[in-house]
Amino acid sequence: MKEAMQLAGHFAAHAVWCVSDGGPLIPLLAEESAAKGRLMTRFAADMLEDGAAQGQARLDANPEHAERAVLVYDGFATLPEGRIDALIVVIRDYAAPANTLTMALPYRPMESPEGFAVYRPKFIRWSGATEPDYSALADAFFTGLDSHQQGTAVWDKHSDGSL
């Protein structure tokens, strides 16, 4: 799951970079394997929900026989502070037994009076054989995040640890 979390961090940084200029994220799926390397597919649709559903279907089907994949789409997270815009990150490691972790990356849109901000990632749901070491997963996620130069710069500049 370490490599899947690094992939997730890289593409979460890419997604933060994309939404930092305003507007929603077009859902994206990043797939990785030794045979094909990294592939990224965007799912443009009239409704963002339709694009996210198309990405989820491809994540579930795994037609590229990826070893790991990450789906990122724009949505909402419900936190103790209330409902907030968030990038939803679904991380899948296809190795048997397959593991899936869903995270939320809450953010404040650029259009808000306070301007753009990105908050700490939240682990939302785990589906796997055994409970993971969340600290190790977080470390791998941030290692991947640091591999995306533009996304890391935006993240660092607009990081808000209040949530």
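Coordinates for the structure precede this section.
Residues numbered from 1 in each chain as written. Predicted model: local features only at pLDDT ≥ 70, side-chain atom pairs only at ≥ 80, totals over all residues. Heavy atoms only, no water.

## So, the packing of helix α1 (residues 2–19) against helix α4 (residues 149–158)
For step 1, the next point in the chain: Where α1 meets α4, the axes come as close as 8 Å, and the angle between the chain directions of the two elements is 65°. Crossing hand, α1 versus α4: left-handed. Here Ala 13, Val 16 and Trp 17 of α1 lie close against α4, whose contacting residues are Gln 150, Gly 151, Thr 152, Val 154 and Trp 155.
For step 2, the next point in the chain: Partitioned by chemical class, the residues of the contact of α1 with α4 number five nonpolar, three polar and no charged. (Axes fitted to C-alpha atoms, helices over the stretch in contact; angles between N-to-C directions. Helix = DSSP H or I, 4+ residues; strand = E, 2+ residues; numbered from the N terminus. Left-handed = near helix turned anticlockwise from the far one by under 90°. Contact = heavy atoms within 4.5 Å. Nonpolar A, V, L, I, M, F, W, Y, C, P; charged D, E, K, R; others polar.)

## So, the nonpolar core
One recurring pattern in soluble globular proteins: nonpolar side chains tend to sit buried together.
For step 1, the next point in the chain: Among the nonpolar cores identified, the biggest contains 32 residues, and Met 5, Leu 87, Ile 91 and Phe 141 are the most heavily contacted of them.
For step 2, the next point in the chain: Listing elements by their share of this core, those giving two or more residues are α1, β1 (28–33), β3 (68–79), β4 (82–93), β5 (99–108), α3 (134–145) and α4.
For step 3, the next point in the chain: Per-element tally for this core: the top contributor is α1, with 10 residues.
For step 4, the next point in the chain: Ignoring any residue separated from it by four or fewer positions in sequence, one finds Leu 87 in contact with Ala 15, Val 16, Val 19, Leu 25, Val 72, Tyr 73, Asp 74, Met 103, Ala 104, Leu 105 and Tyr 107. (Core = buried A, V, L, I, M, F, W, Y, C linked by side-chain atoms within 4.5 Å. Buried < 20%, exposed > 50% of the residue type's maximum accessible area, 1.4 Å probe, protein only.)

## Some thoughts on the packing of aromatic side chains
The description of an aromatic ring pair uses the distance of the two centres, along with the angle that the planes make with each other.
For step 1, the next point in the chain: Taken as a whole, this structure holds four aromatic pairs when the rule is applied.
For step 2, the next point in the chain: Among the aromatic residues, ring-to-ring pairing joins Phe 141, Phe 142 and Trp 155 into one connected group.
For step 3, the next point in the chain: One residue, Arg 83, lies across the ring of Phe 76, its end atom 3.7 Å from the ring centre. (Phe/Tyr/Trp six-rings, centres within 6.5 Å; stacked < 30°, edge-to-face > 60°. Lys NZ or Arg CZ within 6 Å of the ring centre and 35° of its normal.)

## Notes on the packing of α1 against α3
For step 1, the next point in the chain: Running from N to C, α1 and α3 point in directions that differ by 45°, and their axes come no closer than 6 Å. Compared by their axis directions, α1 and α3 come out oblique. Crossing handedness for the pair α1 and α3: right-handed. Across from Lys 2, Met 5, Gln 6, Ala 8, Gly 9, His 10, Ala 12 and Ala 13 in α1, the residues of α3 making contact are Leu 137, Ala 140, Phe 141, Thr 143, Gly 144 and Leu 145. (Parallel < 35°, antiparallel > 145°, perpendicular 65-115°, else oblique.)

## So, the pairing of β4
For step 1, the next point in the chain: Burial analysis of β4 places nine of its 12 residues in the buried class, the great majority of the element.
For step 2, the next point in the chain: Hairpin connection, β3 to β4: the antiparallel pair is bridged by two residues.
For step 3, the next point in the chain: Pairing of β4 with β5 involves eight bridges; the strand directions are antiparallel. When the sheet's bridge partners are listed, Asp 93 is paired in β5 with Asn 99.
For step 4, the next point in the chain: Hairpin remark: β4 followed by β5, antiparallel, with five residues in the connecting loop. (Pairing = 2+ DSSP bridges.)

## With respect to the side chain of Thr 152
For step 1, the next point in the chain: Locating Thr 152 in the fold gives a position in helix α4.
For step 2, the next point in the chain: Relative accessible area serves as the criterion here: at 12%, Thr 152 is assigned to the buried category.
For step 3, the next point in the chain: Filtering out sequence-adjacent residues up to four positions away, Thr 152 remains in contact with Ala 13, Leu 145 and Asp 146.

Scope: geometric values only; no functional claims are made or implied.
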